[in-house]
Every structure is written in C-alpha cells, then in structure tokens.
Amino acid sequence: MDITHRRFKHADLQPLIRKHADTFEVTKLGESVEGRSISSLDWGDGKTKVMLWSQMHGNESTATMSLFDLFNFLEASGDEYDDLRTLLKSRLDLKFIPMINPDGAEQFKRRNAIDIDLNRDAISQISPEAIILKRARDDFEPEFGFNLHDQQIYYNASGTPKQATISVLAPAYNYETDVNAVRTRAMQTIVGMNEVLQQVVPGHVGKYNDAFEPRAFGDNITKWGTSTILIESGGYPNDPDKQYIRQLNFMIILNALEQIASRSYEQYTIEEYFAIPDNDLQLVDLLLNEVQVPVNGNYYPVDLGIRRRDITAGDTYYMSASVDDLGDLQVYYGLEEVDASGLRYVEGKVYDAAFESVASLDEMKVMELLKQGYLAVKVKNGAKGNLHQLPILVLNSTESFSSGWKTGESTNFFLEKDGVRKYAVVNGYLIDLENPKDQEFKQRVY
Ligand SMILES: [Zn+2]
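These figures come from a predicted structure and were not determined experimentally.

Draft legend 1. Representation of the sheet that holds strand S17 (residues 374–378) within the structure. The strand order across the open sheet formed by three strands is S16-S17-S19, and the pairing between neighbours is parallel. Only two strands of the sheet have a single neighbouring strand rather than two, namely strand S16 (349–350) and strand S19 (393–395). Here S16 pairs with S17 via two bridges, running parallel. Across the sheet, Lys-349 pairs through a bridge with Tyr-374, a residue of S17.

So this is what it looks like as structure tokens:
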C-alpha cells in the first residue's frame, strides 16, 4: 500500500515497515503513551553514523513519507543509482525512526496523548516517546542527525512573497548561538542541500531562527555532540497534500547523505550558511488591499489579510477562514492579492427556499445565486459537518451564517463597486463573479 495523502496513521505504516524488514534491520524501540509501537530501521555497513527521525509533531508528516520513499530507493538496484547506493552503504550506518509521535498522528495533531509537545521534552523526559528518542541517540551516538518537521504554509523567504517551502536550521547548542565543529558540519551540509533546492525551487528556502531552546531535541542533540540538521516542510503553490514537497525532502535528504558519505560538505563555509535568507511569517492566503469597510455610516479603506486554516475531518479536511489582521498590511504578502480600492464590503443573504441536498446544486446554479447576492443556501438533507465542494455556504442546522471583516471573524461577504457585486468571498475563497477561475473548495455543511 502506498501513501498518497498526509493524514496517514500508524497502522498504515506497519505493513510498509514489514515490507522492508529483509533489507533493513527493524527494531521495536518501545511504545507510545497509547501503546503504539515506535520502530527503527537500520541500513548500511559504514562507520559514519547518521540518525533520522520524523513526526515528533503528529500533524507534521511530510518527511515520514519521504523516509519511506528513501527506503524504496535504498532497497532498489539495477539502475543508474547503484554507485550511489554502494557509496552510502559502505560509508554510512543509518538509523531511521519514522513517526516518533504516533498518538498525535492518529488525530493529526501536534502534541502526544499527554498533550505534551515532545519538542519541549528532551530534558524532562516525561513522555515515553521522548525517552525512546533520547535513548536511541545515546545508544547510537550518531555523528549526524536529521530532525524532520513541518511548518505553517505562511512562512516566506524574508523580503519576498515566496513560500519557504523548505526551511533549514543547524540548531544552536547555547544561548550565545556559538558555532563549534559539531554545528559547523551541519551548517556546511545545509549549504549543499540549499544549492540543490535553489536549482529546483529557486527562492523557496528559508533559514529558521536559531534562538536556543533549552528543552528542544534539535538544540540538545547538537549539544550532545551530533551535527543536527532541522528540515521544516512548509507550503508550495497547489500542493495541499505536500506530495511535491515530499519529493523535495527526499531529494535533499539523499543529497545530504551523499555529502556526508563523501565528506563533500567540507567545501562549504558557515558564511554561505548565514547567507541563506531568513524565514519570515508574512504570508496570508488572501490579501484584499484597501477594502472600504463600513463603521457608523462611514467607510474606511483597510487592507484585509485572510487565512484559511485546514481542519482535519477523518483522513481529509475542510477549510475555515477568518481575518488574521487588517489595517495597513504592507508588510504582508498574499498568496492571492486583489487591489480592492474603491470596492465596498457588503453582506450577503440566505436563499429562502431549501434545496433537497448538496447534490441538487451545481457550480452554475451557485454562481447565479452569488450574482443575485446570496452567500448561503439551505438543504433539507445533509447533516452539519458533511463535506462539500460548492463555492457557497450550505446550511442545515442553522438559518444564518456569520460574516465580518474584523480580526477573527468569518469571511463571507461581497465586494461591490457602484452597486455592482464584483467579488464574492466565501469562507475565505475569492470568487471573481465575472471571471471565476478554476479552484477547489473544501467546505463543510453548517
Ligand atoms: Zn514540528
């Protein structure tokens, strides 16, 4: 069975681990709070030890997929990569620990079943998962470590509107953020990884903040003598399930392993590392510039920054949008931006007659309703929480919907010019009423 979306669970991984048990040495390291197994997969006959662990935050699954892609790659033979495999196998001793937090992954949430952030439990060791990870490092004493995470899609490469699709860090080991030989090796390897990324996704790389966090694993594992490389998978246009970013991860992890096996990272300098642009957090999904919003009969021009968060529902998700910030938002970038100067914020209506179900509507009918000023329809059948893909609000358990333009408010409204509706904003999705573009709507019934 192959993984094709990012909400897979512990049970999905077990047959994949068993599949590799002939080529990799599989060891059960222990169990999570809720009794799920955490296993390591070992490969290679070399001297240089490298440990890679993923998903200590349960909803950060991109690199776990990449690790399994890497297992398939290492296990294959008879293609143009045999020389690379031979190099890796003879020089490296690899230990992979995928999905350190299987209980979090089960609910696609960050923390474990004690509601502890494992990345703040490196020292206290309250969680069994944290004990497993630390013990694995202490027993193995790797020269290199890969700490694999996901970050919000709203990170950008500082000073640019480009998403930080991959962010990197050689974590600090003290508050002074000193650079010793251990940290230098991580920085050098990152420079080589960044070279690869700049060829494939130019401008989409950020360097994570290196403020020392005394409770975090990356920082402490560096302190304990392992050259640690943090990879954060962010966002990339039109890749909501991060299947492209998964490939990028695979590519740079493989590149890093080759650098380590051949010691080619030694050609790079820490100055080149520090030259990688910083991560910033300046993106919103939709930036509406200078919308006229009404207060006490007067209109004020404000920039509206809207973010659509994905909310997990089983192994899929829906979006829930709200205003993140407003006012002068010149320091933000929109993944989608509109010059809304001269456009007025106008509320929408609920269509009176109830439809039978979501299936009795289609996109054409919905566009008609939007143009007439309706932002919501009622359905007789179709329970609250059901998912749908219509560009309109669907109501079953309620007769009304919320809308607004202030921070935290749900974004359902029209933008009007001289009494003519130009755009609908439905759950944060922008719909150009004249020229609607092709887009996917991830909605739920209210
Ligand atoms: Zn994380």
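Draft legend 2. Representation of the pairing of strand S7 (residues 166–169) in the model. Every second residue of S7 is oriented toward a common face, with Ile-166 and Val-168 on one face and Ser-167 and Leu-169 on the other, all of them buried. Judged from the three bridges that link them, S7 and strand S8 (residues 205–207) form a sheet pairing that is parallel. Paired with Ser-167 across the two strands is Gly-206, which belongs to S8. The parallel pair S7 and S8 is bridged by helix H6 (residues 181–200), and the resulting crossover is right-handed. Here S7 runs beside strand S9 (residues 227–233); their pairing, made up of four bridges, is antiparallel.

Draft legend 3. Region of the structure containing the coordination of the zinc ion. Taken together, the protein donors to the zinc ion comprise His-57 (ND1), Glu-60 (OE), Glu-60 (OE) and His-149 (ND1), at separations of 2.0 to 2.7 Å. Viewed at the metal, the four donor atoms of the zinc ion are separated by angles of 53 to 151 degrees, and the geometry they form is irregular. One chain supplies every donor for the zinc ion, spaced along it as H-x2-E-x88-H. Here Glu-60, found in the loop between strand S3 (48–54) and helix H2 (62–75), pairs with His-149, found in strand S5 (residues 144–150); they are 89 residues apart in sequence, far enough to count as distant. Across the pair, exposure class does not vary: Glu-60 and His-149 are buried alike.

So, how was this worked out
Residues numbered from 1 in each chain as written. Predicted model: local features only at pLDDT ≥ 70, side-chain atom pairs only at ≥ 80, totals over all residues. Heavy atoms only, no water. Pairing = 2+ DSSP bridges. Helix = DSSP H or I, 4+ residues; strand = E, 2+ residues; numbered from the N terminus. Buried < 20%, exposed > 50% of the residue type's maximum accessible area, 1.4 Å probe, protein only. Right-handed = clockwise from strand over helix to strand, strands pointing away. Donors = N, O, S within 2.8 Å, 3.2 Å for Na, K, Ca; no water. Tetrahedral: all angles 85-135°; square planar, octahedral: opposite > 155°, others 65-115°.

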